[in-house]
Structures are given as structure tokens and as C-alpha cells.
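Coordinates in review
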There are 2 protein chains.
Amino acid sequence: MTDRIREFLRRRTEDGPCVVVDLDVVRDNYEAFARALPDTSVFYAVKANPAPEILSALTELGSSFDCASVGEIEMVLAAGASADRISYGNTIKKERDIARAFELGVRLYAVDCEAEVEKIARAAPGVKVFCRILCDGAGAEWPLSRKFGCAPEMAPDVLEAAHRAGLEAFGVSFHVGSQQANLAAWDGALATAAGVFQECATRGISLKMVNMGGGFPARYLKDVPGVPAYGQAIFQALTDHFGNDLPQTIIEPGRGMVGDAGLIEAEVVLISKKSADDTVRWVYLDIGKFHGLAETMDEAIRYPIRTPRDGDVTAPCVLAGPTCDSVDVLYEKTPYELPVSLSIGDKVLIESCGAYTTTYSTVGFNGFKALASYVI
Amino acid sequence: MTDRIREFLRRRTEDGPCVVVDLDVVRDNYEAFARALPDTSVFYAVKANPAPEILSALTELGSSFDCASVGEIEMVLAAGASADRISYGNTIKKERDIARAFELGVRLYAVDCEAEVEKIARAAPGVKVFCRILCDGAGAEWPLSRKFGCAPEMAPDVLEAAHRAGLEAFGVSFHVGSQQANLAAWDGALATAAGVFQECATRGISLKMVNMGGGFPARYLKDVPGVPAYGQAIFQALTDHFGNDLPQTIIEPGRGMVGDAGLIEAEVVLISKKSADDTVRWVYLDIGKFHGLAETMDEAIRYPIRTPRDGDVTAPCVLAGPTCDSVDVLYEKTPYELPVSLSIGDKVLIESCGAYTTTYSTVGFNGFKALASYVI
């Protein structure tokens, strides 16, 4: 909670839940990444929060951008960044979307198989491609599925196919998993990436870039290492595996850039018990899984929650959203401690909500509006 | 797939995935419910698909409506239904939303605790309330959580509180769980409801209505009983537990009304393998969990999928969506059989997508537009 957000909420007159993002925090986070890895380019993962104000602020600071779609590419261009600061980082692209991105000036593309290489060779001749490799993700809050990337042994084949198709086989990318708290995760992935570089070199292809992806955590209830610690661990791993011949490097922070820059203000709609002898209260908020808090799925993220009754005696409660949908429950397996004095109508602040909230909101499930968003 | 939908898709020129709902099927489904339970009022669960065309068609047929919010109430009124055909069925309501619904003429409200009764007594004096009771949901594809309803033993207290607060203690509601294939589920719930009627009678409160909720299935890959079988089982259970003194009854079909009336047309974006010796292909569509297919979460619903290569030899594949999000995978634990000849660019038809698709779509995650919807 920053003073600017506090002041904004004090003056806000509109009704209903909202997220407020403080651009000063985003700027501080960008500077922290830039300082921690001074020789690495920062490509902000737009999907985390594509608010125009965030894209403009990062453009001014010199950030580049990781885009998942033509829609995101257009947003970044609209924010004033030039196309040479954009990576089309989705390994799954329609050929006509590749053509459109090429037309817009984008020259850097992700691939993880030969079929995607073929599309790019046809629709975006001569561009740079990097091949995403699978990574085991140990230590991440969400070890990613196998959806993106190919086995490292296949990557040289994919890159060689790109080379033969007239594309520039530019490098390798990986993602260590979201909310990655294990600093050693990058070490294993960089060792594998170095192996792909070597195999490509024996085939006469000189790779130049390693895209080290995202995974940098936001601070929720559990403590996480700071950005400088990540920088140090990554730089050490780079020198361990690439020696003096360091490649160009990219990181793609999304959650780590905007997560702790925003919070959601919500309202307690109802507090009840299911039977006279129930030991746990149910607390219902005016926001839930379908309007911003999708990442509570499987109770993965435990958001810090502030209430106007903090300091009073607490007791566990089940926390749920307002929709007529029984999966719209935030915390039940591990109930959440909240003040027993909490009352219907109280406003609560859900912290670290700057990433993956507005864009995960549904268009209006149950007739409740999509999450209102303010960037200040 | 109806001829009308086939013809519509043949003429459609816009790009991107879409859902198309055939109103004739919705009308047939309404008539099937009305025939199967001629003495029961049908309250369409608006949250399943609030498309204005659907609300208008059901208004014309004489349907009533189960609304989750003031937003949905306003949509139903805009479709031409009068307020006396609306139930504010959400047990979680802000007092100012209750006041707004009252102002709009709504006179029937759900409750499951005394705190909600107090709000309604203040904001909507004199209206009818029904108390939702917990139900075990055995046999449902999704046995609902304990989010809605109170223990049946508590219901008479809640209804008595309503009576004392000057409201009309009108009845009881339950929900046997979504996609309920067990016809006996209603029997147990109606037995419990009859018990609440008796206990209230001993307290001098004469309840008049049982709201039997939804749970009526749509036809996905697994076969389910037809509407007439449900009607018969429910009528039998009603007479078993209420004898000759049958209460007024309500059902709230959502999925059962519109689920099989619509389908999604999508496109194959990429087909790949993760390594040279991978036995399972990955097939990526231009629609996934975040743009309409949220109900594949935990691989709960297995949608029937038609391809232009049906009839060719099939092999299992992992099916995934187009976003840069590793949870955007539709079927992986139980791979989906699709023709081996399926190719990038092929259009596929995902059937029984009329319910819980458009409204579960995000506002535009990853820069992909919200699901396009056509009601014909």
C-alpha cells in the first residue's frame, strides 16, 4: 500500500471493487531489474498487465516487450515503443498473425518445432528466431506444464531448420516456472542452453542470445528473495556455463514487474455460518475468481489481505466470491485468518494484485462488471 | 450441429473463433422442460448464457428468470420480461443491490442465513424469501461446494427470522449439483425440503414453494438421461414426500436449457511434438480456457469435437489453447482422440458450447479478444 494508492482510494467515488496500480512502484521495479542485470535486456511480459499507462511508462524507461499476440503488439506500438523492442514470444501463432506482426516491423519470434519455423519462413522471411526448450521448473510455485518448448535435444534440429529456411537462428529461451523462489533454477536451465549453443556450433550455426524468461516472483504472504539476489545468481550461472563468451541475454519479468505495484479494494458482502455449531465463518467478498482473483485457483497464491479491524483477535474463515458459482471460493482447504470483528460492509485491501488480475477477469460473469482498473 | 448453424458458419466472413447458438434448440429445450414438469415454473438461470436474443426468446415462451445480480435483472427487464417473473437467486447480495432490485419490482429473494434476512427486511420490506439448504450433490459431475445454503436444521430458524422481520417465509431451495446424472438426487433433497416444511408448520409458518434448482445436464461425450426422465423422477419424489399437498415448484435450468444449443468453431493453429520420440502430438487451437472453454478445468467436461477429417485413423493428442499460459491446456491427463490427418489451419467444431462459454471468457487475456458470440 503506497500513500498515492491510499489517497486515490480515499477520493474514489465509484462503487464496486477495483484494482489500483502505482506507476512509481513499476518504475522502481524496472530499475531494480536493470541494475541487477545491467547487461541483460528487459522485455516486459505484457500479458501480466497490459494497461496503456504501464506500457507507456516502461517505454519511457527503455524497456522492451514480450508479446503473446498481434493484439499485444499493437498495444505496445500504441504506447510509443518501436517494433525493434518487441519479441513475439508465443510459440503458437497463426501464419496470418505472423504476417501481420512482420508487416508491423517485428523481427524476433519464438518457436519450439519445425512446423512453426515453416510458417515464419513463409510469413516473415529472414527474421530472428529463438527456440524454447523444456525446463523442469523445480522450485516454482507453478512448475509450468510441457505446453511450451521442446526437449533440449530437439532444439538444434529446430534451429537448423530455421537456418536452412533463411531465418536467423538466433538463440534459445526457457522459463523456469512462475513465482520461482529457487535461485538455482536458472543454473540448470543455463547449463542446458549452453549445451544447445555447443551442438549448434558443431553444425556451423552460431547462436547469439539466451532468453531467460520470467519467473521472478511477486511478494505475496510467503517471503521471496529480492531482485538483486536473482541478478547475482543468474550472472554467476551465465559465467559458469558460458565462460568469457557471454551471449546476449533477455529477461521477461511480468509478475515481478507489476505484481506488487497494485492492490484490489473489495467489500465484505456477507458473513455467515452454515449451521449453528459451525466453527468456521464464511466471508463473502464482492470480488472472486471470475473478476480478478483467478490465481487463487487451487489456493495457489495466498494474497495478503488488510482489513480496517487489523489488530483485533482473528479466527479462520472460508473466503469466497460473490457469484452464483460454487467454484468461486478463494480459500477453503486452508482457511484464512481474519479479525472476528470483521463486518458486512467493511472494505478490505488485497495486496500484490498488479499482475494477472485485470486480464484474467471475465467479461461479466453473473452480470457483475469486469474488474475496474486504475493506473496512477 | 443444426442446419441453421452450418449455414451460418458457411457464410461467416469474420476471422477468429466464435460460438453460435441456435434459438430453435433453446425453444425446444424450454418446451421439453415445460412438458416434463407441467405444474412447475421454469426460471432460466441467466448466468449460463445471458445473450439478449436468448432472454427475449424465453420471455416470449413464458419463462421466468433466475438472476444472480442487478446486472442480470436489468438484462431480463430489457428483454421484455416483467419483474414478477424474476427471482434474485443469489444468497450473497449487497444491501444496496437488494434495494435496487426492490425498486425494479423484484419480489422474490434467496437467503441462507439471518444476516441476509436482515438486509432484505431493511431494503425490500415484505417480499417473499426462500431459504437455500445444503445438499450433498452425490452423482453430480460437480458436487457443489458448501458455498450456498445452510444446514437443513438451520433453515427453519432463518425462515422464522424472515417471518418475524415482516417478510413472507415462502419456501426452500436446493441444488443437486451441476450436470447431475443421478435421477434419485432430487428424491433425497425433496425429502429434506419436506422436513423443513413440517418444522416450519409446527412453528406456525406455512411454506408454499420448493425451488428445485438446476443441475439438468447438457449432452457432452458421456450420455445422460433425457428431460422427460427427469420430469418423471422429480414428480414421483414430490408426491412421495408431499403427498396430495404439493407445493408450488420452480426449476432453474441453465446448462440444460442452452448447453446443447450452441457450438464453437475454432481453428488448429499448430500441431507439434516435444521430442523426436514423443508418442503424443500436441494440438493447439485458437481457443482455450481463457476465451470460452474454462469448463475444461480439471478436464471436467469432455466436449465432443468434430473435424473435417472425421473417419480417418485417430490417435491421442494433448489439446491446448493459444495463450502464453501453461494452464491453458484442455485435455492432457486423458488425451483426446483426433484424426492423425488433422492439419494446421483445419476448422474444428466443439459441440454443446451454448452454456458457460461466453460469460466465462476473459476480457482479452494475452491480447486475444473475448469470445465472439452469435445467436441465430
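Residues numbered from 1 in each chain as written. Chains lettered and ligands numbered in written order. Predicted model: local features only at pLDDT ≥ 70, side-chain atom pairs only at ≥ 80, totals over all residues. Heavy atoms only, no water.

Where an unreviewed UniProt entry is consulted, chain A appears under the name ornithine decarboxylase, with the organism given as Pannonibacter tanglangensis. Recorded under Cofactor (unreviewed entry), the UniProt text for chain A is reproduced unchanged: "pyridoxal 5'-phosphate". (UniProt positions renumbered as here; feature names shortened; annotations may be inferred.)

**As for the pattern of salt bridges**
Within the structure shown, the criterion is met by 56 salt bridges over all chains. Between Lys-94 of chain B and Glu-267 of chain A there is a salt bridge whose closest N-O contact spans 3.8 Å. Residue Lys-94 of chain B is found in the loop between strand S4 (86–88) and helix H5 (95–103), and its partner Glu-267 of chain A is found in strand S12 (residues 262–272); the two belong to separate chains. In this pair, the class of Lys-94 of chain B matches that of Glu-267 of chain A, namely buried. The shortest N-O distance in the salt bridge between Arg-11 of chain B and Glu-7 of chain B comes to 2.8 Å. Here Arg-11 of chain B and its partner Glu-7 of chain B are both found in helix H1 (residues 3–11), four residues apart, which amounts to about one turn of the helix. (Salt bridge = Lys/Arg side-chain N within 4 Å of Asp/Glu carboxyl O. Helix = DSSP H or I, 4+ residues; strand = E, 2+ residues; numbered from the N terminus. Buried < 20%, exposed > 50% of the residue type's maximum accessible area, 1.4 Å probe, protein only.)

**Some remarks on the domain arrangement of chain A**
Accessible area lost during the coming together of the parts is what is often quoted as the interface size. Residue and element names in this part refer to chain A. Domain assignment breaks chain A into domain 1 (89–253) and domain 2 (260–375). In this complex, domain 1 contributes six residues to the contact, which on the side of domain 2 involves nine residues. Each partner contributes to the roughly 670 Å² buried at the junction of domain 1 and domain 2, and carbon and sulfur atoms together form 64% of this total. In this structure, the connection of domain 1 to domain 2 is made through zero salt bridges. At the boundary of domain 1 and domain 2, one finds two residue pairs in polar contact (both at pLDDT 80 or more). Among the residues forming the side of domain 1 that touches domain 2, the class breakdown is four nonpolar, no polar and two charged. (Domains from an automatic or database assignment. Contact = heavy atoms within 4.5 Å. Buried area = accessible area lost by both parts, 1.4 Å probe. Polar contact = N/O pair within 3.5 Å; in protein donor to acceptor, adjacent residues only side chain to side chain. Nonpolar A, V, L, I, M, F, W, Y, C, P; charged D, E, K, R; others polar.)

**Digging into the environment of Gly-311 of chain B**
By the secondary structure assignment, Gly-311 of chain B is in the loop between strand S14 (305–306) and strand S15 (314–320). Each C-alpha atom of the pair Gly-311 of chain B and Gly-166 of chain B lies 65 Å from the other, and the pair is 145 residues apart in sequence.

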